Amino acid sequence: MFAAFQAGAWRELSRSFQPDVVVGASAGALNAWMIASGVSGEELCTLWSTLEQKAGLKWPRYWGDGILDTSALEAFIGQLTERYRPKVRLGVAVCEGPRLANRVYWDTEVTVDHLLASCAVPGLLAAKRLEGGLSFDGGLRTVCPVWAAEEIGPTEIVVINVWTHFPWQRPAVDGPNVRRIEPQERLGSLRHAAVWERGRIERWIAQGEAAAR
């Protein structure tokens, strides 16, 4: 749910530029799909503020499974991918295999399963089996997939980081061509990250817009 901050940031950023490439990890992968599809900042904010996703609990079936029932989330992402199609280059980061190796999937490689895998927080959401084996949340090793963007040689990078909970996980992004947008303090608890609540979502959207401005 912290990705609502990114939606607010995009509402401000979209008034002045459009990216050539969008890369996302974890819930940011969903925003990346939408932004690459040309969705306006206002529409993305509306999406998050009306999401109201509720997930029931279930018993994990294997070690890579999670305790949350993701059927509603899978249906929601399926609807997004049917309704919107990327118009600029899109990268979705995952952590793949037993060593959680960083990997990015590009453009037509990206499916609903890739988006779900990028969101798969271990223990909460089920991993997905992709080409490199079981794949988990794309932000586990590096919260922002700047490494993926750098692979294609951009002239300027805008990073929207929402995960400021652990200092050692902060994205290592520095240089004159990098701009980092992030909350001044952590957005909330881990529980807040998993539970939709309109008041918090609207507050995070406003914080993202202000930080981007």
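For the structure itself, consult the block above.
Given the structure is predicted, the values throughout are model-derived calculations rather than measurements.

Help me understand the packing of aromatic side chains in this model?
Aromatic ring pairs are defined here through the distance separating the ring centres and the angle between the ring planes. All told, the structure shown has four aromatic pairs when counted by the stated rule. Centre to centre, the rings of Phe-2 and Trp-204 are 5.1 Å apart; their planes meet at 80 degrees, and the pair counts as edge-to-face. Placement of the pair is Phe-2 in the segment before α1 (4–13) and Trp-204 in helix α8 (residues 198–212), with a sequence separation of 202 residues. Each member of the pair Phe-2 and Trp-204 is classed as buried. When the ring of Trp-10 is compared with that of Phe-17, the centres are 6.3 Å apart and the planes differ by 80 degrees; the resulting orientation is edge-to-face. According to the relative accessible area criterion, Phe-17 is partly exposed, its value standing at 31%. Members of the aromatic cluster, each reached through a chain of ring pairs, are Phe-2, Trp-163 and Trp-204. For Arg-89, the ring lying beneath its charged end belongs to Trp-106, and the centroid distance is 4.4 Å.

It is not clear to me how a nonpolar patch on the surface should be interpreted in this structure. Could you clarify?
A contiguous nonpolar patch, built from Leu-57, Ile-67, Val-121 and Leu-124 and spanning about 330 Å² of accessible area, is present on the exposed surface. Position of Leu-124 relative to the elements: it lies in the loop between α5 (112–118) and β4 (128–130).

Where do I start with helix α2 (residues 27–36) in this structure?
Residues separated by three or four positions in an α-helix point in the same direction, a consequence of the helix having 3.6 residues per turn. Where burial is concerned, most of α2 is hidden: 10 out of the 10 residues are buried. Taken as a whole, α2 has its buried residues at Ala-27, Gly-28, Ala-29, Leu-30, Asn-31, Ala-32, Trp-33, Met-34, Ile-35 and Ala-36. Looking at the packing, one finds that the buried side of α2 touches α1, β1 (21–25), α3 (41–49), α4 (71–83), β2 (89–96) and α5. Backbone geometry just after α2 places Gly-38 at a positive phi near 90 degrees.

Please clarify how the pattern of salt bridges should be interpreted in this entry.
Charged atoms that come close allow side chains of opposite charge to pair. Counting across every chain of the model gives 14 salt bridges. The partner of Glu-42 in a salt bridge is Arg-11, and the shortest N-O contact between them spans 3.2 Å. You can see Glu-42 sitting in helix α3 and its partner Arg-11 sitting in helix α1, a full 31 residues away along the chain. Arg-11 sits in the buried class, given a relative accessible area of 16%. Arg-89 serves as the salt-bridge partner of Asp-107, at 3.3 Å between the closest nitrogen and oxygen. In this pair, Asp-107 is assigned in the loop between β3 (101–106) and α5 and Arg-89 in strand β2, connecting sequence segments 18 residues apart. Connected through salt bridges with shared partners, the residues Arg-11, Glu-12, Arg-15, Glu-42, Glu-209 and Arg-213 form a single ionic network.

Can you walk me through the nonpolar core in this structure?
Grouped together as the largest cluster of nonpolar side chains are 58 residues, with contacts concentrated most on Met-34, Leu-44, Trp-48, Leu-115, Ile-201 and Trp-204. Per element, the largest residue contribution to this core is eight residues, and it comes from α2. Not counting residues within four places of it along the chain, the set of residues in contact with Met-34 comprises Val-39, Leu-44, Leu-47, Leu-80 and Tyr-84.

Can you help me understand the packing of α3 against α8 in this one?
Geometrically, a packed helix pair is captured by the angle between its two axes and the distance between the axes. Their axes nearest at 9 Å, the elements α3 and α8 cross at an angle of 155 degrees. Taken together, the axes of α3 and α8 are roughly antiparallel relative to one another. For α3 against α8, the interelement crossing comes out right-handed. Within the contact between the two elements, α3 uses Cys-45, Trp-48 and Ser-49 and α8 uses Arg-198, Ile-201 and Ile-205. Residue composition of the contact of α3 with α8, by class: four nonpolar, one polar and one charged.

I keep staring at unusual backbone geometry and nothing clicks. Help me out?
Excluding glycine, most residues fall at negative phi; most peptide bonds, likewise, are trans. A positive phi angle, near 55 degrees, is found at Leu-100, a position not held by glycine. Mapped onto the elements of the fold, Leu-100 is located in the loop between β2 and β3. The class of Leu-100 is partly exposed, set by a relative accessible area of 26%. In the Ramachandran plot, Asp-107 falls in the positive-phi region, its phi being about 50 degrees despite a non-glycine side chain. What makes Asp-107 partly exposed here is its relative accessible area of 32%.

The rules behind the values
- Residues numbered from 1 in each chain as written.
- Predicted model: local features only at pLDDT ≥ 70, side-chain atom pairs only at ≥ 80, totals over all residues.
- Heavy atoms only, no water.
- Phe/Tyr/Trp six-rings, centres within 6.5 Å; stacked < 30°, edge-to-face > 60°.
- Helix = DSSP H or I, 4+ residues; strand = E, 2+ residues; numbered from the N terminus.
- Buried < 20%, exposed > 50% of the residue type's maximum accessible area, 1.4 Å probe, protein only.
- Lys NZ or Arg CZ within 6 Å of the ring centre and 35° of its normal.
- Patch = residues over 30% accessible without salt bridge, like charges linked within 9 Å, V, L, I, M, F, W, Y side chains within 5 Å.
- Areas by Shrake-Rupley, 256 points an atom, 1.4 Å probe, with all protein chains shown as cover.
- Salt bridge = Lys/Arg side-chain N within 4 Å of Asp/Glu carboxyl O.
- Contact = heavy atoms within 4.5 Å.
- Core = buried A, V, L, I, M, F, W, Y, C linked by side-chain atoms within 4.5 Å.
- Axes fitted to C-alpha atoms, helices over the stretch in contact; angles between N-to-C directions.
- Parallel < 35°, antiparallel > 145°, perpendicular 65-115°, else oblique.
- Left-handed = near helix turned anticlockwise from the far one by under 90°.
- Nonpolar A, V, L, I, M, F, W, Y, C, P; charged D, E, K, R; others polar.

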